[in-house]
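# Working through the structure, step by step
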Amino acid sequence: AELLFHKKIVEGPVVGKELPIQFIIYNVGSESAYDISFIDNDFSNAEFEFVSGSSEGKWETLAPNSQIQTNLTVIPKKSGIYSLTSTVLNYRKTQTSSEFTVSSAASYSGMYVESQSDYDKRTSLLVKEWITFFILCAGAIALPYSISTYYKKNYENGIKKQN
Amino acid sequence: DDVEITTEDEVVAQATPTSDVSFSYIFPDNPDKNFAAGSVVEVLVGFTNNADKALNITHIFASLNHPQDFSVFIQNYTRGDFGIAVEKGHHATLAYRFVPSEYLEPREFGLLISLEYQDGAQNFTQTFFNSTINITEKETSFDMDSFFLILLGLGFVGGIGYIVYGKMPKQKKARVTSKVNKNFVRVETEDETAEWLSGTSAASTKVKSVQKVVKKNK
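Since this is a predicted model, take the numbers as computed values, not measurements.

Our focus in this paragraph is the sheet that holds strand 7 (residues 91-98) of chain B. In sheet architecture, strand pairing relies on hydrogen bonds along the backbone and comes in two forms, parallel and antiparallel. Overall, mixed pairing links the 7 strands, which are arranged 5(A)-3(A)-8(A)-9(A)-7(B)-3(B)-1(B) in an open sheet. Because the sheet does not close on itself, it has two edges, and the strands there are strand 5 (56-62) of chain A together with strand 1 (21-26) of chain B. The average angle at which neighbouring strand axes cross in this sheet is 20°, direction not considered.

Dropping the structure here:
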């Protein structure tokens, strides 16, 4: 059996926002793998708040051409750059082999956690700015329009109506 | 197929890789080797070090080639820098991502993915993926082209509607006034007596129509 191990961070990490991490193991070999296990320590420190899931996995077998997955959700508490390690996966290639195969996961070498204010700035809908824009637009249209309606009401053929 | 293998040997004219390494790969999101143009393709590469010393993976790079002639390069993708040391007897998984151009014609292409590694003394390059793949049509939820096509269609409909709406009341109006002129004795208003304004821009439409009526009656 041959396993491929991917530590996947799907979304951009933001302070105070849930960050899902996926640990996916693919069996690309032609035989089953046995006694698969890993423990990840990148998110188990004080800088991350645990929400749900697990940062470790243990399975007895994995059939060929199939995959297994563990999800972990944490909330980053501080912005900045965090270095990520290659999580190590241990497994037996055959049921009888005494030796454990050691595999390191594909991952990013570093992860940048964006601060809340930067994230808001980047994704803001700019509601205030748009409202201001529409008020200014309305002013520019309403002023000439009111003048035009005033003349329509009070003048006829360029001569002031006499009431 | 034999032809392809020989061309592969021509393309990978680098140092002969040691047989002490083995490769595996998977396209997790595209297991059927159909890649949508303009979207990210991720490939996971497994690298097993069976040599008696540590090996250092330096780069992974990919290129899109002509499906019949792999020596014709259509696109080269950014080299991924890795610098990952793999101990002897160990295995490592690496993730490499590239984006086929969104302007690619949906058809068959040749894809080469190669990995560079070194043992401290020598560099090696090995192409572990050499096969034809399918580039499929760009997948989009919101297409700018169709958006503007719909906008253009709405513009046409609106324009036709505006013209029809603008013409309808005029015809009715004209009929009504002509009927009125024929059947009723007209009462002169202030407007109609303002004949001195005729021919100037101040002449009202009413005056003009009255003048026409007057001419007809004469």
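There's plenty left to go through after this.
Next up on the list: the interface of chain A and chain B. Taken together, the contact pairs 14 residues of chain A with 13 residues of chain B. Going through the elements one at a time, strand 1 (3-9) and strand 9 (101-104) of chain A are the ones with two or more residues in the side of chain A that touches chain B. No other element matches strand 9 of chain A, which puts 4 residues into the side of chain A that touches chain B. Counted by class, the side of chain A that touches chain B contains 7 nonpolar, 6 polar and 1 charged residues. Here 2 bridges tie strand 9 of chain A to strand 7 of chain B, and the two strands are oriented parallel to one another. By the bridge assignment, Ser104(A) is partnered in strand 7 of chain B with Ala92(B).

Structurally, Tyr151(A) is set in helix 2 (residues 127-154). Residues Tyr151(A) and Lys161(A), 10 residues apart in the sequence, show an inter-C-alpha distance of 9.9 Å.

Helix length check: helix 2 of chain A, at 28 residues, gives a terminal C-alpha distance of 40 Å against a target of 40 Å (1.5 Å per residue), a fit within 8%. With 0 of 28 residues buried, helix 2 of chain A lies mostly on the surface of the structure.

On to the confidence of the model for chain A. In this model, chain A carries a mean pLDDT of 89, and residues with pLDDT of at least 70 account for 99%. Per-element confidence in chain A is highest for strand 6 (residues 67-76) of chain A, whose mean pLDDT is 93, and lowest for strand 12 (residues 159-160) of chain A, whose mean pLDDT is 82.

What follows concerns the pairing of strand 8 (residues 88-92) of chain A. All names here are of chain A. Along strand 8, the buried face is formed by Leu-89 and Tyr-91; none of Val-88, Asn-90 and Arg-92, which line the opposite face, is buried. Taken together, the 3 bridges between strand 3 (residues 33-39) and strand 8 define a ladder with antiparallel strand orientation. Directly across from Tyr-34, in strand 8, lies its bridge partner Arg-92. With 4 bridges joining them, strand 8 and strand 9 adopt antiparallel strand pairing. For Leu-89, the partnering residue across the bridge sits in strand 9 and is Ser-103.

Another point: the sheet that holds strand 2 (residues 19-27) of chain A. Residues and elements named next belong to chain A. Taking strand neighbours across the sheet as the criterion, the 4 strands line up as 1-2-6-4 in an open arrangement whose pairing is antiparallel. Strands at the two margins of the open sheet, each flanked by one partner only, are strand 1 and strand 4 (48-53). Averaged over neighbouring strand pairs, the angle between their axes works out to 20° when direction is ignored. Bridge count between strand 2 and strand 6: 8 bridges; the pairing is antiparallel. Bridge assignment links Phe-23 to a residue of strand 6, and that residue is Thr-70.

Criteria and thresholds
- Residues numbered from 1 in each chain as written.
- Chains lettered and ligands numbered in written order.
- Predicted model: local features only at pLDDT ≥ 70, side-chain atom pairs only at ≥ 80, totals over all residues.
- Pairing = 2+ DSSP bridges.
- Helix = DSSP H or I, 4+ residues; strand = E, 2+ residues; numbered from the N terminus.
- Axes fitted to C-alpha atoms, helices over the stretch in contact; angles between N-to-C directions.
- Contact = placed C-beta atoms within 7 Å.
- Nonpolar A, V, L, I, M, F, W, Y, C, P; charged D, E, K, R; others polar.
- Expected span 1.5 Å × (residues − 1).
- Buried ≥ 20, exposed ≤ 12 C-beta atoms within 10 Å, placed from the backbone.
- pLDDT = per-residue confidence, 0-100.

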